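Spelled out, the chains give:
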Amino acid sequence: QVQLVESGGGLVQAGGSLRLSCAASGSIFTINAMGWYRRAPGKQRELVASITRGGRTNYADSVKGRFTISRDNAKNTVNLQMNSLKSEDASVYYCYADVVARGGYGADYWGKGTQVTVSS
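No experiment lies behind these values; they were computed from the predicted model shown.

Engineer: Is there a simple way to think about the state of the cysteines in this case?
Structural biologist: Note on terminology: disulfide describes a covalent bond linking the sulfur atoms of two cysteines. Under the definition given, this model contains one disulfide. Here C22 pairs with C95 through a disulfide, and the sulfurs are 2.0 Å apart. On the S-S bond that ties C22 to C95, the torsion sits near -80°, and the link is left-handed. On the criterion of sequence distance, the pair formed by C22 in strand 3 (residues 18–26) and C95 in strand 9 (residues 91–101) is long-range, its members being 73 residues apart. One exposure class covers both C22 and C95, and it is buried.

Engineer: Would you explain the packing of aromatic side chains in this entry?
Structural biologist: The description of two aromatic rings rests on the distance between their centres and on the angle between their planes. Per the stated rule, a full pass over the model turns up three aromatic pairs. Here the aromatic rings of Y37 and W110 are separated by 5.2 Å at their centres, their planes lie at 55°, and the arrangement is tilted. Within this pair, whereas Y37 is found in strand 4 (residues 28–39), its partner W110 is found in strand 10 (residues 106–110), the two being separated by 73 residues in sequence. Exposure remark for Y37: the relative accessible area of 19% places this residue in the buried category. For the ring pair Y96 and W110, a centre distance of 5.5 Å and an interplane angle of 35° mean the geometry is tilted. Within this pair, whereas Y96 is found in strand 9, its partner W110 is found in strand 10, the two being separated by 14 residues in sequence.

Engineer: Help me understand the pattern of salt bridges in this model?
Structural biologist: Taken as a whole and assessed by the stated rule, the structure comprises four salt bridges. Of the charged contacts in the structure, one is a salt bridge between E46 and R38, with a shortest N-O distance of 2.8 Å. For E46, a relative accessible area of 27% puts it in the partly exposed group. Taking the relative accessible area as the measure of exposure, R38 reaches 6% and is therefore buried. For K64, the salt bridge is made with D61, and the minimal N-O distance between the two is 3.1 Å. On the basis of relative accessibility, which here comes to 63%, the residue D61 falls in the exposed class. Here the residues in one salt-bridge network are R38, E46, R66 and D89, joined through shared partners.

How each quantity is defined
Within any chain, residue numbers begin from 1 and follow the written order of that chain's sequence. In keeping with the model being predicted, local features are shown solely for residues with a pLDDT of at least 70 and side-chain atom pairs are shown and tallied solely at 80 or more, while totals for entire chains, interfaces and linings include all residues. Side-chain numbers here rest on the full set of heavy atoms in the structure, without hydrogens or water. Two cysteine sulfurs form a disulfide in these notes if their separation is within 2.5 Å. Elements are defined by DSSP. Helices are runs of H or I of four residues or more, strands are runs of E of two residues or more, and each kind is numbered from the N terminus. Only protein chains enter the accessibility calculation, which uses a 1.4 Å probe. A residue is then buried if its area is under 20% of the maximum for its type, exposed if over 50%, and partly exposed in between. Here a pair means two rings of Phe, Tyr or Trp (six-membered ring of Trp) with centres within 6.5 Å. Their orientation is stacked below 30 degrees between planes, edge-to-face above 60, and tilted elsewhere. For salt bridges, the criterion is a side-chain nitrogen of Lys or Arg within 4 Å of an Asp or Glu carboxyl oxygen.

Structure representation (structure tokens):
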């Protein structure tokens, strides 16, 4: 079993910053891509940012220049530094990881989500 636990969400004023963290634990052999999605009420799930094991990153156009994704392969963690937050960034943010388990089985795992609220 693999678990992903997010932390760092909360309430912030527009223009402010938050840092989300996600830690993966369990029967992990290696983790390929990690990243963050978000889903706001009434909207489709959106990929916010992803990062490969080698450090190649990908961002949604809406967050480029404001958000930075990073990871620590030794700790199986991924972080999302969010700066210059806007009201449209308010959402539930979900961490995901493309995990290869010790038994050789590969699958995507998800956290339960962390709420980000941006006040204007």
